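Listed here are the chains, written in short residue letters.
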Amino acid sequence: LFPPLQMLSLVSQSAAFSAPATPARAAVQMMDVSGLEAQASKLNPVVGYFDPLKLGEGEFWGDSNAATIGFLRESEIKHGRVAMAGFVGYIVHANDIRFPFDKIATSVPTGLAPQAVWDAIPEAAKWQIILTIGFFEFWRENSYVLEAEGEKHYMRG
């Protein structure tokens, strides 16, 4: 039915669409201030360890110093992700990029500043965005989910 060369080309094409194998996540590792200093010097030898507010030495909420460092590292990652998403959203709306199938986005007039686009979308759409982000936060902090994925909470390493 199919010549062998055509069969081989079908196999190679399907392999091209398969997702690459992702490496396993590194286990949560608790760290103290000396560990932070060593890692900072290794990752950026020019600046090294820089903590002018001495946050790495604190113990937030009566918890250990290692838990505080875990909290600060995780919050830095989360805030960085939010900033990147916000930047992309700003650029998308500033350039009037819209998905043609999105009825809410196409109902908002074009030519508005990104801040005005936020004001122009319906209240339900705003709540949908806020609740979705809240769900992602809940999911990331949920101990049951973390244990099911073989991980530990970043403050309990």
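Overview of the structure.

The rules behind these values
- Residues numbered from 1 in each chain as written.
- Predicted model: local features only at pLDDT ≥ 70, side-chain atom pairs only at ≥ 80, totals over all residues.
- Heavy atoms only, no water.
- Salt bridge = Lys/Arg side-chain N within 4 Å of Asp/Glu carboxyl O.
- Helix = DSSP H or I, 4+ residues; strand = E, 2+ residues; numbered from the N terminus.
- Buried < 20%, exposed > 50% of the residue type's maximum accessible area, 1.4 Å probe, protein only.

## Some thoughts on the pattern of salt bridges
For step 1, the next point in the chain: Under the counting rule described, the total for this entry stands at five salt bridges.
For step 2, the next point in the chain: Put simply, E74 and R140 hold a salt bridge, and the shortest N to O gap is 3.2 Å. Highlighted residues: E74 in helix α3 (residues 65–94) and R140 in helix α6 (residues 123–141), separated in sequence by 66 residues.
For step 3, the next point in the chain: For R140, a relative accessible area of 28% gives the class partly exposed.
For step 4, the next point in the chain: K78 is the partner of E137 in a salt bridge, and the nearest nitrogen-oxygen pair spans 2.9 Å. Remark: K78 occurs in helix α3 and E137 occurs in helix α6; sequence separation between them is 59 residues.
For step 5, the next point in the chain: The exposure class assigned to E137 is partly exposed, which follows from its relative accessible area of 38%.
For step 6, the next point in the chain: Overall, the relative accessible area of 17% leaves K78 in the buried class.

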